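Chain residues, written in single-letter form:
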Amino acid sequence: MMKNLAQQKPMMESQMKKMSERLKSITVTGRAGAGMVEVTINGLNRVEKIEINDVMLAPENKSMIETLVASAFNDANDKMQQRKEEEGRKSLQELGIQL
């Protein structure tokens, strides 16, 4: 078994590198406030874009905007976690490992 794992190590490393590259190109968008605020992140959890509906841009909405941006980011982060798990399963399947 250990010998088999040692033989698979280069292939597993290659799959991990491919997965890392795929994650860079995957984006998800989190929404809050019925879509009034949207945050798009990539697979490395870097913010790509923040969109705030013009209706929200009144000074009295500052606190609400801050809350909604945080909520939208957390929504995007949750979605990205799901995508990463899906990509991980795909990579394992490509290696012939079934979960």
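Here the structure is shown first, and the text comes after it.
How each quantity is defined
- For every chain, the first residue of its written sequence is number 1, and the numbers climb from 1 along that sequence.
- Whole-chain, interface and lining totals are the exception, using all residues; otherwise, since this is a predicted model, local features are given only for residues with pLDDT of at least 70 and side-chain atom pairs are given and counted only at 80 or more.
- Derived side-chain values reflect all non-hydrogen atoms in the structure, with water molecules and hydrogen atoms excluded from consideration.
- For the purposes of this entry, the term helix denotes a DSSP run of H or I that reaches at least four residues, the term strand denotes a run of E that reaches at least two, and both are numbered from the N terminus.
- Working rule for contacts: check all heavy atoms of both residues, and any pair within 4.5 Å makes them a contact.
- Pairs of N or O atoms within 3.5 Å make up the polar contacts considered here, provided that, within protein, one atom can donate a hydrogen while the other can accept it, and that residues adjacent in sequence are counted only when both atoms are side-chain atoms.
- Strands are treated as partners if at least two bridges between them are detected by DSSP.
- For helices, the fitted axis covers only the stretch in contact; all axes are lines through C-alpha atoms, and the angles between them, taken along N-to-C directions, range from 0 to 180 degrees.
- Salt bridges are counted wherever a side-chain nitrogen of Lys or Arg sits within 4 Å of a carboxyl oxygen of Asp or Glu.
- Definition used in this section: a nonpolar core is a set of buried Ala, Val, Leu, Ile, Met, Phe, Trp, Tyr and Cys residues joined via side-chain atoms within 4.5 Å.
- Think of it in three bands: with a 1.4 Å probe and only protein chains considered, a residue is buried below 20% of the maximum accessible area for its type, exposed above 50%, and partly exposed in between.

### Observations regarding the environment of E48
Here E48 lies in strand β3 (residues 47–52). Residues E48 and E13 lie 35 residues apart in sequence; the distance between their C-alpha atoms is 28 Å. Here E48 is in contact with T27, T40, I41 and N42, once residues within four sequence places are set aside. Of the polar contacts made by the side chain of E48, one reaches the side chain of N42; its length is 2.7 Å.

### Structural notes on unusual backbone geometry
Not every positive phi belongs to a glycine, and A34 is a case in point at roughly 55 degrees. Its place among the elements puts A34 in the loop between β1 (27–32) and β2 (37–42). In this structure, N45 takes a positive phi of about 65 degrees despite not being glycine.

### Regarding the sheet that holds β3
Strand-to-strand pairing in sheets goes through backbone hydrogen bonds, with the strands running parallel or antiparallel. The strand order β1-β2-β3 describes an open sheet built from three strands, whose pairing is antiparallel. Strands with a single pairing partner mark the edges of an open sheet, and in this sheet they are β1 and β3. Pairs of neighbouring strands in the sheet enclose a mean axial angle of 15 degrees, with direction left out of account. Sheet analysis places β1 next to β2, joined by six bridges and oriented antiparallel. By the bridge assignment, V28 is partnered in β2 with I41.

### Remarks on the pattern of salt bridges
Enumeration according to the criterion identifies eight salt bridges in this entry. The salt bridge involving R31 is made with E38; its shortest N-O contact spans 3.1 Å. Members of the salt-bridge network, linked through shared partners, are R22, E87 and K90.

### Section: the side chain of N61
Relative to the helices and strands, N61 is located in the loop between β3 and α2 (62–94). With residues up to four places along the chain from it excluded, the contact list for N61 reads V55 and M56.

### Side note on the side chain of E38
Note that E38 resides in strand β2. Filtering out sequence-adjacent residues up to four positions away, E38 remains in contact with T29, G30, R31, K49, I50, E51 and A72.

### Examining the pairing of β3
Note: β2 against β3, five bridges, orientation antiparallel. When the bridges of β3 are listed, V39 appears paired with I50. Hairpin geometry of β2 and β3 is characterised by an intervening segment of four residues between the two adjacent antiparallel strands and by a positive phi of about 65 degrees at N45.

### Examining the nonpolar core
Ranked by internal contacts, the top residues of the largest apolar core, which has 14 residues, are V28, I41, L68, A72 and M80. If you tally residues by element for this core, the top one is α2, at five residues.

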